[in-house]
Amino acid sequence: MRSAVRKLCQQGVEALRPQKVNEKWRRPAISRRVAGDLRKAAIRAGTYGKFDAETGVGWDPAWDAPERRHPLLDAASAAGGDVSNEMLDSILLKTNKGAIQSIRPPKETKRERTREARAQKIENLLKGADDKIEEYRKELEANKPKPGIEEEFKQAMKGSRY
């Protein structure tokens, strides 16, 4: 990033554009990704709209790609008026064609996406769980043998080796 700022200070807008040298095109000195990072940093710092070549702080709106420029911003800079940060933020972040038009939530993992449905399913199963547990315990009690001499004799015969 520092080398990109240094190149912007030295070359200006030419650092952002490809150059034709000896009938061959050379890539820009500053890539679009790095230029976008510098632009966003200037917006966050509130220095968008003016560039100081000595310190390398800010971003000149004339450097934006034509599809990223906003007519209101061009009109404000042409009039020479100072643009407030609120107006600048609304122009740059909300109505800019380069900004995200519709915010869509991230896809997440399947486990995170189906969490609500699983929670509902568990809650519905827990509603009838007490009755099911009680019914199961009664069934176990009913299946137990009745105490008495007959049952003891059956158990003794099972264990005998005759």
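Residues numbered from 1 in each chain as written. Predicted model: local features only at pLDDT ≥ 70, side-chain atom pairs only at ≥ 80, totals over all residues. Heavy atoms only, no water.

Explain the confidence of the model for the protein chain to me, and be specific about the residues and the numbers.
Mean pLDDT over the protein chain stands at 80; residues scoring 70 or higher make up 75%. The secondary-structure element of the protein chain with the lowest mean pLDDT is helix α4 (residues 85-94), recorded at 60, while helix α6 (residues 115-127) shows the highest, at 95. (pLDDT = per-residue confidence, 0-100. Helix = DSSP H or I, 4+ residues; strand = E, 2+ residues; numbered from the N terminus.)

Help me get a handle on unusual backbone geometry, residues and values and all.
The phi angle at N22 is positive, at roughly 55°, despite the residue not being glycine. Looking at the element boundaries, N22 is found in the loop between β1 (19-21) and β2 (24-26). Notably, E23 is not glycine yet its phi reads approximately 65°, a positive angle. The topology assignment puts E23 in the loop between β1 and β2.

A description of the pattern of salt bridges should follow, citing residues and the corresponding values.
The tally for this structure, following the rule as stated, stands at four salt bridges. Of the charged contacts in the structure, one is a salt bridge between K138 and E134, with a shortest N-O distance of 3.4 Å. Here the residue K138 and the residue E134 both occupy positions in helix α7 (residues 129-143), the gap between them amounting to four residues, near one helical turn. You can call K138 exposed: its relative accessible area is 54%. Using a relative accessible area of 44% as the deciding quantity, one classes E134 as partly exposed. (Salt bridge = Lys/Arg side-chain N within 4 Å of Asp/Glu carboxyl O. Buried < 20%, exposed > 50% of the residue type's maximum accessible area, 1.4 Å probe, protein only.)

So, the nonpolar core: which residues are in play, and what are the values?
The nonpolar side chains of a soluble globular protein tend to be buried, and buried together. In terms of nonpolar packing, the biggest core is built from 13 residues, with L8, L16, I30, L38 and W59 touching the most fellow members. With five residues, helix α2 (residues 32-45) is the single largest residue contributor to this core. Setting aside residues no more than four positions away along its own chain, L16 makes contact with L8, P28, I30, A35, W59 and W63. (Core = buried A, V, L, I, M, F, W, Y, C linked by side-chain atoms within 4.5 Å. Contact = heavy atoms within 4.5 Å.)

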